[in-house]
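# A structural walkthrough
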Amino acid sequence: MRDFIPIFQECALEIQKILKTNSTDYLAGVNPSGDTQLDIDVKADKIIETKLLGLECVRGICSEEKIEAIYKKNGSYLIAYDPLDGSSIIDSNLSVGSIFGIYEGDFEAAKIIGAAYVVYGPRLELVFADKILSYFIYNGDFWEEKKSLKLNQKGKINAPGGTQKDWSNAHKNLVYSLFEKGYRLRYSGGMVPDLHQILIKGGGLFSYPATLNAPQGKLRKLFEVFPFAFIYEKAGGEAIDGKTRLLDLEIKSLHESTPCFFGSSEEINEVRKTYE
Ligand code: AHG
Ligand code: MN
Ligand code: MN
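Attention here is on the structure that accompanies the text. What you are looking at is a predicted structure, and each value in this text was computed from that prediction instead of being measured. (Residues numbered from 1 in each chain as written. Chains lettered and ligands numbered in written order. Predicted model: local features only at pLDDT ≥ 70, side-chain atom pairs only at ≥ 80, totals over all residues. Heavy atoms only, no water.)

### Considering the coordination of the manganese ion (ligand 2)
Ideal geometry at a metal gives 109.5 degrees between four tetrahedral donors and either 90 or 180 degrees between six octahedral ones. Looking at the metal site, the manganese ion (ligand 2) is ligated by Asp82 (OD), Asp85 (OD) and Glu224 (OE), spaced 1.9 to 2.1 Å from it. Expressed as a motif, the donor residue spacing for the manganese ion (ligand 2) is D-x2-D-x138-E. Between the two metal centres, the manganese ion (ligand 2) and the manganese ion (ligand 3), the spacing is 3.7 Å, with Asp82 acting as a shared donor. On the criterion of sequence distance, the pair formed by Asp85 in strand E5 (residues 77-85) and Glu224 in helix H5 (residues 221-234) is long-range, its members being 139 residues apart. (Donors = N, O, S within 2.8 Å, 3.2 Å for Na, K, Ca; no water. Helix = DSSP H or I, 4+ residues; strand = E, 2+ residues; numbered from the N terminus.)

Here it is in structure tokens:
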């Protein structure tokens, strides 16, 4: 499975190239979640599709940008990916990412066996997890492996997503109680850099709750939530929907979303107290 590392690294380099030169114009189309697509969403999707379908070990793929999954006759792995996460902040030149979930048998949480994300920022970085978590930075010539990432029991970052006026009172109390305890706001609007920052700094809470305008949250299970839940658990953290472990959730359709909370143990315990 670690054979996916160089494949994701190749995708990252190709996508970084188009990010540097391509316009950030919107296309006329929307993706299956109803988000307006950018030209680069579609180009990044195509780069990853071509690379993955060319691999013998891949039996199928599904992407945030495609209505249906694509299956082949052979192979054992199913890959779900968000080719470009953070399309809405790309015009302001903030960091964006790609997210990958590796599944075996079916596209469902219980079948995830690996995950990865790429950060396109001032540096190009890849985090890959199967049984262990590996962290790579591209130095201009090759990918240097760095010390693995580990979450402490508790951190200092509070990254609260969603439309604030549509938060429940319980959720508002949770977010403000963390600020009262000294947590600092760190939220860019891209889950890849926001979750990466918490991992790099060793702890904190990222939340994207159910809100009045998005009762099922916004973040999609297969391409965004399950891969990061897998990575956070490997880093010694936790990932829940408020009550239930995200990787114990069922899924009915490819583009389904869920409320989600990722963090170190102490912060996740606070979430449990709020939502129980
Ligand atoms: P995408 O660009 O793939 O549609 O995903 C964007 C997501 C995620 O990166 C981020 O955490 C969230 O949208 C931000 O949403 P809000 O602007 O509602 O906070
Ligand atoms: Mn996304
Ligand atoms: Mn996307």
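### A look at the packing of aromatic side chains
In the structure shown here, the tally under the stated rule is 14 aromatic pairs. Consider the rings of Phe4 and Phe8, whose centres lie 5.6 Å apart with planes at 20°: the pair is stacked. Of this pair, Phe4 and Phe8 both sit in helix H1 (residues 4-21), four residues apart, which is roughly one turn of the helix. Residue classification places Phe4 among the buried positions, given a relative accessible area of 1%. Ring pairs connect the aromatic residues Phe4, Phe8, Tyr77, Tyr81, Phe100 and Phe128, which therefore count as one cluster. Positioned over the ring face of Phe230 is Lys234, at 4.5 Å from the centre of the ring. (Phe/Tyr/Trp six-rings, centres within 6.5 Å; stacked < 30°, edge-to-face > 60°. Buried < 20%, exposed > 50% of the residue type's maximum accessible area, 1.4 Å probe, protein only. Lys NZ or Arg CZ within 6 Å of the ring centre and 35° of its normal.)

### Here's the deal with the side chain of Asp82
With respect to the helices, strands and loops of the structure, Asp82 is situated in strand E5. At 5.1 Å, Arg220 is the nearest oppositely charged side chain to Asp82, a buried residue that forms no salt bridge. (Lys, Arg positive; Asp, Glu negative; His and termini not counted. Salt bridge = Lys/Arg side-chain N within 4 Å of Asp/Glu carboxyl O.)

### A closer look at the pattern of salt bridges
With the rule as written, the count across this model stands at 20 salt bridges. The closest approach of N and O atoms between Arg2 and Asp130, which form a salt bridge, is 2.8 Å. Of this pair, Arg2 sits in the segment before H1 while Asp130 is found in the loop between strand E8 (124-129) and strand E9 (133-138), placing the two residues 128 residues apart along the sequence. Look at the salt bridges and you will find they share partners, linking Asp35, Glu64, Arg220 and Glu224 into a network.

### A word on the coordination of the manganese ion (ligand 3)
Within the protein, the atoms that donate to the manganese ion (ligand 3) are Glu64 (OE), Asp82 (OD) and Leu84 (O), at distances of 2.2 to 2.3 Å. Donor residues for the manganese ion (ligand 3), ordered by position in the chain, follow E-x17-D-x1-L. Given the relative accessible area of 4%, Glu64 is considered buried. On the basis of relative accessibility, which here comes to 1%, the residue Leu84 falls in the buried class.

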